[in-house]
Amino acid sequence: MKNNNKFCYFMKEVPSIAYFSMEIGLASDIPTYSGGLGVLAGDILYKAVDLEIPMVAVTLCYAAGYFYQMIGPYGDQISKNIRWQFSSNFDKLPIVIPIKIQGKEFKIGTWVYNIIGKRNGFVIPVFLLDSDVEGNEEWFKRITHTLYTAHPFMRIVQEAILGIGGVRLLEEMCFNKIKTYHLNEGHAAFVTFELLKKLKNLEEVKKKVIFTTHTPVPAGHERFDYNLVYDVLRDIVPENIKELAGNDNLNMTKLALNMTRYVNAVSKRHLEVTKNMFPEYKIDAITNGINIFRWLSPYIKELLDETMPEFRYDPQVLMNAPIELDSHDLWTAHKKSKDDLIDYQSSHSYVLFDSKILTVGFGRRFTSYKRPTLIFKDLDRLGKISKGKVQFLFAGKAHPMDNEGKYLIKQIYEFSNYLWDNYRVSVAFLENYDMDLARLMVAGCDLWLNTPLIDNEASGTSGMKAALNGTLNCSTLDGWWIEGYKMNKLAGWTICPGVEGNKCREDSDQAMSQAFYNILENEVIPTFYGERDLWIKRMKNAIFLASYFNCDRAVKEYASRAWNLEMQPRWRQKKGN
Ligand SMILES: *Cc1c(COP(=O)(O)O)cnc(C)c1O
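Residues numbered from 1 in each chain as written. Predicted model: local features only at pLDDT ≥ 70, side-chain atom pairs only at ≥ 80, totals over all residues. Heavy atoms only, no water.

A.B. asks: Please explain the overall build of the protein chain as it appears in this structure.
C.D. replies: Each helix and strand counted, the protein chain has 21 helices and 23 strands in total. Taken against the 2.2 N^0.38 rule, which gives 25 Å for 577 residues, the C-alpha radius of gyration of the protein chain at 24 Å falls within 12% of a compact globule. For the protein chain, the C-alpha atoms occupy an extent of roughly 75 × 60 × 45 Å along the three principal directions. A buried classification covers 62% of the 577 residues belonging to the protein chain. Across the protein chain, the fraction of contacts at a sequence separation of at least 24, relative to all contacts at a separation of at least 6, is 72%. Carbon and sulfur atoms provide 49% of the accessible area of the protein chain, an area that totals close to 22,900 Å². For the protein chain, the separation between the mean place of its 70 positive charges and that of its 68 negative charges on side chains is 3 Å. (Helix = DSSP H or I, 4+ residues; strand = E, 2+ residues; numbered from the N terminus. Rg over C-alpha atoms; globule rule 2.2 N^0.38 Å. Buried < 20%, exposed > 50% of the residue type's maximum accessible area, 1.4 Å probe, protein only. Contact = heavy atoms within 4.5 Å. Areas by Shrake-Rupley, 256 points an atom, 1.4 Å probe, with all protein chains shown as cover. Lys, Arg positive; Asp, Glu negative; His and termini not counted. Charge placed at Lys NZ, Arg CZ, Asp CG, Glu CD.)

Laid out in structure tokens, this is it:
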């Protein structure tokens, strides 16, 4: 496949979209993701392949992955590098890309992981860039080893490899029909530097690039000191960079906003919040969705296959879940999911659970804004309400440099001791949250807790995974849940001491935790134990939400509004007759 000394990568259909993401959750045992952003990227690509969208993806190859989490005897997070032979998951390509960092030439190697569609063997290749190439200096070989290093120099080099190296790679492989470079979050914004060098015209660059922002708070927008930017990237930095990316430092979000033809936020509320931050831009909203086949418990899947098999190609039919699903069968399926979770839980924790007890779950990255300890604000009230009636299951990694996040985990360990000693209430923390554990938890818990600070969660997706499996949500009014609870009030509960429009009047931990206790005491517990039929009816209405919060819908929205693809006949739903 050599052509003018290029390694042309052959694909049956010439790709027109290149999706750039710092992390992609390809599979649970491929540790190239840290949380929702990467898992969503994987969900989207696995859906795009089934819709046969001509696409490739670019990310980095993290030899040491994101870390493996263990919890010490006193609740301290211990992180281990993952010993992982990625060469068993990825194929090496005979292609090396040059990149200049601090004026010196380095080489980037390339691996590929093929995402293969369920029908027709359609393929989306994911290219993983690797700095560990013979001849490179030792420090450079290690640059792509870990995901999300906290060191600004290492991060900017990683992002240069992703953006600049990524565009060059596609060029080298003769992908010369790319119409859309999709930046999934600002990390990939250096794509625009390489394109500008190539096309020499900002307007031409803009026509080719789109941007999905996932960060609702200014502090979350990645910034680099201009001294660092010039030192690392030198002559590829555009002359008018300060106009494009901010005066004080290089803001990756601003850069992306200024160099793209289309920008989207990931929920309706996130759009409002983003518009307030950047009023001068035109921004769209495409609410996130989950890939149903990656998140469905095997038992609920079996039930749906029996009752509404069309859901496989048209998830909109899940709207009929409340009328179609049999209560007894749904409860039986849920019990099986719950037994699987509790089997796993009891072999991985010294806190033993009872499968008859209402189980409340919280699983996601541990970081302050998600408020994982909100419900422990008043331990005695929680203990009294929960005694003999509720057990709590937590899981999630804190970034190794996030001391607050790690402290939150340690606190849960302490709260767990207090609640057991005083009320015999079980609070367990499971180690090493990943996609497999997420799958078990979202389906096996009865209630899924989501307590972000208002306007801090762009969307959130774990609650969508819970709803799909008939697990009821209990969430503050933020991200996707603002849309979810409006669509179906029976699908869960909203923790809010007083709604005003789309917002809560108060968001203090004090008020929010009391609102949660009230819901738990007056609604959740009485319904779960006293009105099982109503609980199951609510479960069916949770599944209803999956008719919309799935990525069949989301990817089709990207296809028509962001990627400008023609609606393909092969995407049309088969109408039963
Ligand atoms: C879905 C998922 C997330 C995202 O959870 P949020 O509720 O959106 O924060 C994070 N980590 C893993 C492993 C997931 O599967």
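A.B. asks: I would appreciate a short explanation of the site of the ligand in the present structure.
C.D. replies: As a structural note, the neighbourhood of the ligand is formed by 14 residues, with Arg364, Lys370, Thr461, Ser462 and Lys465 the closest of them. Contacts to the ligand include Lys465, whose side-chain N or O atom sits 2.7 Å from an oxygen atom. The protein chains hide 96% of the 390 Å² of surface that the ligand would expose on its own. For the shell around the ligand, the secondary-structure elements that each account for two or more residues are α1 (36-50), α16 (435-444) and α17 (462-468). When its residues are assigned to classes, the shell around the ligand shows five nonpolar, five polar and four charged. No fewer than three residues from each of domain 1 (23-69 + 77-163) and domain 2 (292-554) sit in the shell around the ligand. (Near = heavy atom within 4 Å. Polar contact = N/O pair within 3.5 Å; in protein donor to acceptor, adjacent residues only side chain to side chain. Nonpolar A, V, L, I, M, F, W, Y, C, P; charged D, E, K, R; others polar. Domains from an automatic or database assignment.)

A.B. asks: Please explain the sheet that holds strand β17 (residues 390-395) as it appears in this structure.
C.D. replies: Sheets are built from strands that pair by backbone hydrogen bonding, the pairs being arranged parallel or antiparallel. Pairing in this open sheet of six strands is parallel, and the strands run β18-β17-β16-β19-β20-β21 from one edge to the other. Each having just a single partner strand, β18 (427-430) and β21 (492-495) make up the two edges of the open sheet. With direction set aside, neighbouring strand axes in the sheet form an average angle of 20°. Sheet analysis places strand β19 (residues 447-450) next to strand β20 (residues 472-476), joined by four bridges and oriented parallel. Bridge pairing in β20 links Leu449 to Cys474. Contacts between helix α19 (residues 509-530) and the sheet are confined to β16 (358-363), β17, β19, β20 and β21, with β21 contributing the most and set at about 160° to the helix. Against the sheet, helix α20 (residues 532-545) engages β16, β19, β20 and β21, with an angle of about 75° to β20. (Pairing = 2+ DSSP bridges. Axes fitted to C-alpha atoms, helices over the stretch in contact; angles between N-to-C directions.)

A.B. asks: Help me understand the packing of aromatic side chains in this model?
C.D. replies: To describe a pair of aromatic rings, one takes the distance between the centres and the angle between the planes. According to the stated counting rule, one finds 36 aromatic pairs in the structure shown. A centroid spacing of 6.2 Å and a plane angle of 35° characterise the contact between Phe20 and Tyr181, whose relative ring orientation is tilted. One end of the pair, Phe20, is in strand β3 (residues 17-21); the other, Tyr181, is in strand β10 (residues 180-184), and 161 residues separate them in sequence. For the pair formed by Phe20 and Tyr181, the shared burial category is buried. Summarising the aromatic geometry, the rings of Trp139 and Phe153 are spaced 5.6 Å apart at their centres and angled 45° between planes, so their arrangement reads as tilted. Residue Trp139 is found in helix α2 (residues 138-141), and its partner Phe153 is found in helix α3 (residues 152-172); the two are separated by 14 residues along the sequence. By relative accessible area, which is 26% here, Trp139 ends up partly exposed. When its relative accessible area of 18% is taken as the criterion, Phe153 is described as buried. Connected via pairs of aromatic rings, a cluster forms that spans Phe362, Phe366, Phe376, Phe394, Phe415 and Phe429. Positioned over the ring face of Phe362 is Arg364, at 4.4 Å from the centre of the ring. The ring of Tyr548 has Arg553 sitting right over it, with the charged end atom 4.1 Å from the ring centre. (Phe/Tyr/Trp six-rings, centres within 6.5 Å; stacked < 30°, edge-to-face > 60°. Lys NZ or Arg CZ within 6 Å of the ring centre and 35° of its normal.)

A.B. asks: What's the story with the state of the cysteines in this structure? I'm lost.
C.D. replies: Here, disulfide denotes a covalent bond that connects the sulfur atoms of two cysteines. Under the criterion given, the structure shown has two disulfides. Each sulfur in the disulfide pair Cys8 and Cys174 lies 1.8 Å from the other. Its S-S torsion of approximately -55° makes the covalent link between Cys8 and Cys174 left-handed. Note that Cys8 is positioned in the loop between β2 (6-7) and β3 and Cys174 in the loop between α3 and β10, a separation of 166 residues in sequence. (Disulfide = S-S within 2.5 Å.)

A.B. asks: Just to check I follow, could you spell out a negative patch on the surface for this structure?
C.D. replies: A contiguous patch of negative charge on the surface is contributed by Glu302, Glu306, Asp326 and Asp329. You can see Asp329 is positioned in helix α13 (residues 327-346). Look at Asp329 and you get partly exposed, because its relative accessible area is 35%. (Patch = residues over 30% accessible without salt bridge, like charges linked within 9 Å, V, L, I, M, F, W, Y side chains within 5 Å. Salt bridge = Lys/Arg side-chain N within 4 Å of Asp/Glu carboxyl O.)

A.B. asks: What should I look at first to understand the environment of Leu129 in this one?
C.D. replies: Positionally, Leu129 belongs in strand β9 (residues 123-130). Taking the relative accessible area as the measure of exposure, Leu129 reaches 0% and is therefore buried.

A.B. asks: What exactly am I supposed to notice about the pattern of salt bridges here?
C.D. replies: Opposite charge on two side chains makes pairing possible when the charged atoms of those side chains draw close. Scanning all chains against the criterion turns up 27 salt bridges. Salt-bridge contacts for Arg312 lead to Asp305; the nearest nitrogen and oxygen are separated by 2.8 Å. According to the relative accessible area criterion, Asp305 is partly exposed, its value standing at 29%. For Asp436, the salt bridge identified is with Arg439, shortest N-O distance 2.8 Å. Highlighted residues: Asp436 and Arg439, both in helix α16, separated by three residues, approximately one helical turn. Given a relative accessible area of 28%, Arg439 falls into the partly exposed group. The network of salt bridges with common partners includes Asp284, Arg553, Glu557 and Arg561.

A.B. asks: Mind showing me how you'd approach the nonpolar core here?
C.D. replies: Proteins that are soluble and globular tend to have nonpolar side chains buried together. Phe376, Phe392, Phe394 and Trp535 are the most contacted members of the largest nonpolar core, which has 94 residues in total. The element that contributes the greatest number of residues to this core is α19, accounting for nine residues. With sequence-adjacent residues up to four places away left out, Phe392 is seen in contact with Phe353, Val360, Ile375, Leu382, Ser386, Val425, Ser426, Val427, Ala428 and Leu520. Judged by nonpolar contacts, the second largest core, of 76 residues, contains Phe106, Phe153, Ala160 and Val209. (Core = buried A, V, L, I, M, F, W, Y, C linked by side-chain atoms within 4.5 Å.)

A.B. asks: Teacher, can you tell me more about the side chain of Thr213 here?
C.D. replies: Assignment of secondary structure puts Thr213 in the loop between β11 (209-212) and β12 (223-224). The residues touching Thr213, leaving out its near neighbours within four places in the chain, are Glu185, Val263, Asn264, Ala265, Val266, His270 and Thr274.

A.B. asks: Explain α3 to me, please; I cannot follow it from the model alone.
C.D. replies: For an α-helix, 3.6 residues make a turn, and residues three or four places apart therefore share a direction. Under the 1.5 Å per step criterion, the end-to-end length of α3 is 29 Å for 21 residues, consistent within 8% with the ideal 30 Å. Its axis deflected by about 35° at Gly165, α3 carries its strongest bend there. Most of α3 sits inside the fold, with 17 of its 21 residues counted as buried. After α3 finishes, the residue Cys174 shows a positive phi value of roughly 65°. (Expected span 1.5 Å × (residues − 1). Bend = angle between axes of the 7 residues up to and from the residue.)

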